[in-house]
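Per-entry structural report
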Amino acid sequence: MNAIEVLALTKKFGDFTAVDGISFSVAEGEIFGFLGPNGAGKSTSAYMLTTILKPTSGTAKINGFDISHDPEKVRKSIGIVFQDQTLDSRLSAYDNLDIHGRLYDMPAPDRKKKIREVLGLVELLEWEKKLVKTFSGGMRRRLEIARGLLHTPKIIFLDEPTLGLDAHTRRHIWTYIQKLKQQGITIVLSTHYLEEADALCDRIAIIDHGKIIALDTPSNLKKMLGGQVLSLKSADNRKILELVNKKKLGANARVIADAVSFEVKNGSEAIPGIASAMEKAGIKLESIELHVPSLEDVFIQLTGKQIREEGNGQSDFKRRLVMHGH
Amino acid sequence: MDINMGKIYAVWLREVKRFTNSKSRIVGSLAMPLLFLVALGGGIGSLIPGFNYQAFILPGIIGMTLLFNSIFSGVSIIWDRELGYLKELLAAPTSRTTIVIGKALGGATTSVLQGLIILILGILFGLASPSIAGFLLAIIVMVLFSTFVVSIGIIFASVITEIETFQLLVNLLMFPLFFLSNALFPLDKMPDWLKALSNANPVSYGIDALRTLINGAGSMPFALDIAVLAVILAVALLFAGFLFNRTSI
């Protein structure tokens, strides 16, 4: 049985379609990634799968329970770590977990045992009596993960679990996520950090404007690009673009972030020829960069933009307005 | 209706723990009523010879303590929404009705604790001398009244979603409810228009019941006070449950 089956799931806020008929399934024990820019529909999808928002149309089954007909059974069988912080900062770490356990109907002996176990997992045992308001951002994330695991869910939803954390803490949290996979827990991870998706996920769905535009393993996604990517930079990028297209120096040439990027079969061998062609055409290059395909390139290829574009804050704000309006 | 005692207890426990974890809030919320009792009560009392004004307003000051702390507890759902905790509550396998009941009882518990402190201080100052039965009944009245006001707070929190609106609520609703009641003035000495407003004000019935129990000076039948309190509590709680069921994150 699949842990998750999603069929044509759609959410509209008035005229705005946040999630547009997505379908996919997640196998038991898999780490399934949702990759996309802010506002792409990742959080809205997660809210529907966790029964916090009702879908406009479409269905999904979580652990065999229908999200529309059996929301309480769905909730009991999943754990959720939200993107923004949802701890009570005026309670201690222990009390945050204790109240969670009571809300999930855990009997007292089981609750006490599991609280110690999950606090141990995220290395917060010695902080259990401290108020959460004294915790750092990284400690709060760890406590949220511990809370999401407390009632032994079969599936855990992690929405941007490392958002805003420093590189060290991020790696730390990655190791917890890998530990969970070893325990056989199915994990749904939304992120806009490409290296995170690449490092952790068995399969990745790339989502943009509410639609899944690609779904495969990270290595298969990278194979889609075919070659390696060269980025050339000069004072006048348009000339580079024209020349690349005219002389067929590479495929899929486009201007991204002040440079012209295009795909070539073998970058290191192609560079001398391309450099001299540029020189002959009178183009003074400032830099040449070669990179082997990353998920970022896949993302650019599929969506025509970088995942971390400016103005994310604004689109977030717009989404909030939409949500409040309805 | 899906109600689970263990989960009601969980929501109640959170309210009480938040309260006991915040010592400054306890001291801060007692300062204002004590100032009213000592300064306003002492000052105006000296203008009325032969009438113990401080003893008269003690039930009114207890009512004020309950009124403001309870409304604050109810609308704290707005803060829960803003600070994220509401997601944790709404994502749990717990019915909204359970959350509302737990929240109402939790808010009432912390408010009544503060009302009790004022009452006990009043007894120590010699402003009141209730019988044991009167004292215990007074606690029940406080619980009824406080749960009613917390429910009103939950109703507002389900409808308004912005913290800024809260100040408006306090100024346009809570202060009028307090001042246009029998908290600070004896009903029989009031001008007719104020008497009419006070009689239409649910707060007056809670304070009148306390006055009857604490120093036997109530001006309305005790049974009427209790009947009014029970009815408005039932209506407010049902309405709070209904609206909170429709609220979203």
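First things first, this report covers the structure right here in the doc. Owing to the predicted nature of the structure, the values given are computational and were not obtained by experimental measurement. (Residues numbered from 1 in each chain as written. Chains lettered and ligands numbered in written order. Predicted model: local features only at pLDDT ≥ 70, side-chain atom pairs only at ≥ 80, totals over all residues. Heavy atoms only, no water.)

Considerations on the overall build of chain A
In terms of regular secondary structure, chain A is built from twelve helices and 14 strands. A principal-axis box enclosing the C-alpha atoms of chain A has dimensions of 80 × 45 × 40 Å. Counting across all 326 residues of chain A, residues that qualify as buried make up 51%. In chain A, the share of contacts with a sequence separation of at least 24, taken over all contacts with a separation of at least 6, comes to 69%. Here chain A displays about 14900 Å² of accessible surface, and carbon together with sulfur accounts for 50% of that area. With 46 positive and 41 negative side-chain charges, chain A shows a separation of 2 Å between the mean positions of the two kinds. (Helix = DSSP H or I, 4+ residues; strand = E, 2+ residues; numbered from the N terminus. Buried < 20%, exposed > 50% of the residue type's maximum accessible area, 1.4 Å probe, protein only. Contact = heavy atoms within 4.5 Å. Areas by Shrake-Rupley, 256 points an atom, 1.4 Å probe, with all protein chains shown as cover. Lys, Arg positive; Asp, Glu negative; His and termini not counted. Charge placed at Lys NZ, Arg CZ, Asp CG, Glu CD.)

Considering the interface of chain A and chain B
One widely used convention gives an interface's size as the accessible area the parts lose upon coming together. On the chain B side, the residues contacting the 27 residues of chain A number 27 residues. Roughly 2600 Å² is buried in total at the junction of chain A and chain B, and carbon and sulfur atoms are behind 53% of that figure. When the area that chain A buries against chain B is broken down by residue, the three leading residues are R90(A), R102(A) and L103(A), summing to 27%. Note that K87(B) is salt-bridged to D84(A), the shortest N-O span being 2.5 Å. The interface formed by chain A and chain B contains twelve residue pairs in polar contact (both at pLDDT 80 or more). If you list the elements that add at least two residues to the side of chain A that touches chain B, you get α2 (71–77) and α3 (93–103) of chain A. In terms of residue class, the side of chain A that touches chain B is built from ten nonpolar, six polar and eleven charged. (Buried area = accessible area lost by both parts, 1.4 Å probe. Salt bridge = Lys/Arg side-chain N within 4 Å of Asp/Glu carboxyl O. Polar contact = N/O pair within 3.5 Å; in protein donor to acceptor, adjacent residues only side chain to side chain. Nonpolar A, V, L, I, M, F, W, Y, C, P; charged D, E, K, R; others polar.)

Looking at the sheet that holds strand β5 (residues 65–66) of chain A
Residues and elements named next belong to chain A. In spatial order, the strands read β2-β1-β4-β5; together these four strands make up an open sheet with antiparallel pairing. Each edge of the sheet is formed by a strand with only one pairing partner; in this case those strands are β2 (16–27) and β5. Pairing of strand β1 (residues 2–13) with β2 involves eight bridges; the strand directions are antiparallel. Bridge pairing in β2 links I4 to V26. On the sheet, helix α1 (residues 42–49) packs against β1, β2 and β4 (57–62) and is oriented at approximately 120 degrees with respect to β1. (Pairing = 2+ DSSP bridges. Axes fitted to C-alpha atoms, helices over the stretch in contact; angles between N-to-C directions.)

A few points about the nonpolar core
By size, the foremost hydrophobic cluster in this structure holds 71 residues, and its most contacted members are L103(A), L58(B), I61(B), I62(B), M142(B), I154(B) and F244(B). Ranked by residues supplied to this core, first place goes to helix α3 (residues 53–83) of chain B with 14 residues. Among residues more than four places away in sequence, those in contact with L58(B) are L37(B), I118(B), G122(B), L127(B), A128(B) and I214(B). In this structure, I115(A), M139(A), L150(A) and F299(A) belong to the second largest nonpolar core, which totals 44 residues. (Core = buried A, V, L, I, M, F, W, Y, C linked by side-chain atoms within 4.5 Å.)

Observations regarding α1(A)
Residues and elements named next belong to chain A. Counting buried positions over the eight residues of α1 gives eight, a clear majority of the element. When we look at burial in α1, the residues that qualify are K42, S43, T44, S45, A46, Y47, M48 and L49. T51 sits one or two positions beyond α1 and adopts a positive phi of about 65 degrees.

Geometry only, nothing functional implied.
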